[in-house]
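Spelled out, the chains give:
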Amino acid sequence: MIRIEHISKRFKKLQALDDITVQLIKGQVVSLIGPNGSGKTTLIKSILGMVRPDKGKIFVDESPINGDPDYRKKIGYMPQIGRYPDNMKVGQLFKMLRNIRNADEKETDSFLIKHFELEKIFEKPMRTLSGGTRQKVSAAIAFLFDPAILILDEPTAGLDPLASEILKGKILEEKKKGKLILITSHILSDLDELTTHIMYMQDGKMQFFNDIETLQEETGELRLGKAIARIMKGEKTDKNWIDKMFEPENDEKIF
Ligand code: ADP
Ligand code: MG
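The following paragraphs examine the structure supplied in this document.

Moving on: the nonpolar core. Nonpolar side chains tend to gather and get buried jointly when the protein is soluble and globular. Ranked by size, the top nonpolar core spans 45 residues in total, and within it Phe94, Leu118, Val137, Leu152, Leu167, Leu215 and Ile228 carry the most contacts. With 6 residues, the single largest contributor to this core is helix α4 (residues 131–143). If sequence neighbours within four positions are ignored, Leu118 has contacts with Phe94, Leu112, Ile113, Lys136, Val137 and Ala140. In terms of nonpolar packing, the next biggest core, distinct from the first, is built from 27 residues, Ile44, Ile149, Met199 and Met201 among them.

Put into structure tokens, the structure is as follows:
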């Protein structure tokens, strides 16, 4: 569904993305993990066409994204920091989005609007919302049009525990439908029950991409946080497994 080929992006002297190649497939819940500043948001924004890479290509459903911007309709995006017109009321925002998409209320997914009780704040201007409430609005928007791909950048950051559970439940539901979900989070325990694949980034480079079972086997840890910690400390059982991971399975050359 999303194919990323040799993407690089530089901000002046800083190499934010360094030759990233990866393919993400329907049904995967990919947890994009890495320290602050490792390039996670830049990669996500590149997929969405909000950052233009210096090199490389990105395909969504086999079409290059620099063509028709309509591919964006396939993606529900929850930004790390949502920016909205300050004076627009919450209710107006949802109305406007539905108008743009020509979708009436019944055709859209109002699950999060309902469970986050956003109707209560429909009359409030966006600028008056707290960070957490803004996150709830961003989440509700990401799921609104039942997109086949969800890209969620730190979705639970700033949410209270109840809201966080509601959102995780919703993500799990979408996973069951076989959607492709790309999610970043610093709260690794939030990702445990969701993740099928891990993509780890550092200094703009992709350090590894693997499915969760392999990661658990290689590290002997079931919890994502512990498994990642072991890898970062170089404590994995098979020292060459990262190299092996990049060996093409067939005779197909990927690099
Ligand atoms: P992450 O999401 O992993 O924390 P980011 O992708 O946000 O990392 O940032 C990667 C690096 O690129 C950081 O050092 C950040 O400061 C830098 N960066 C991101 N966007 C810009 C920009 N628009 N201009 C300059 N530097 C940027
Ligand atoms: Mg980020």
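Let us look at the site of ligand 1. All residues in the neighbourhood of ligand 1 are listed as Phe11, Leu14, Ala16, Pro35, Asn36, Gly37, Ser38, Gly39, Lys40, Thr41 and Thr42. With respect to ligand 1, the backbone of Gly37 contributes an N or O atom lying 2.7 Å from an oxygen atom. One of the side-chain nitrogen or oxygen atoms of Thr41 is found 2.8 Å away from an oxygen atom of ligand 1. The protein chains hide 57% of the 570 Å² of surface that ligand 1 would expose on its own. When residues of the shell around ligand 1 are traced back to their parent elements, those giving at least two are β2 (14–24) and α1 (40–47). Looking at the shell around ligand 1, the element that brings in the most residues is α1, giving 3 residues. Looking at the shell around ligand 1 residue by residue, the class counts come to 4 nonpolar, 6 polar and 1 charged.

Rules used throughout
- Residues numbered from 1 in each chain as written.
- Chains lettered and ligands numbered in written order.
- Predicted model: local features only at pLDDT ≥ 70, side-chain atom pairs only at ≥ 80, totals over all residues.
- Heavy atoms only, no water.
- Core = buried A, V, L, I, M, F, W, Y, C linked by side-chain atoms within 4.5 Å.
- Buried < 20%, exposed > 50% of the residue type's maximum accessible area, 1.4 Å probe, protein only.
- Helix = DSSP H or I, 4+ residues; strand = E, 2+ residues; numbered from the N terminus.
- Contact = heavy atoms within 4.5 Å.
- Near = heavy atom within 4 Å.
- Polar contact = N/O pair within 3.5 Å; in protein donor to acceptor, adjacent residues only side chain to side chain.
- Areas by Shrake-Rupley, 256 points an atom, 1.4 Å probe, with all protein chains shown as cover.
- Nonpolar A, V, L, I, M, F, W, Y, C, P; charged D, E, K, R; others polar.

These values are about where atoms sit, not about what they do.
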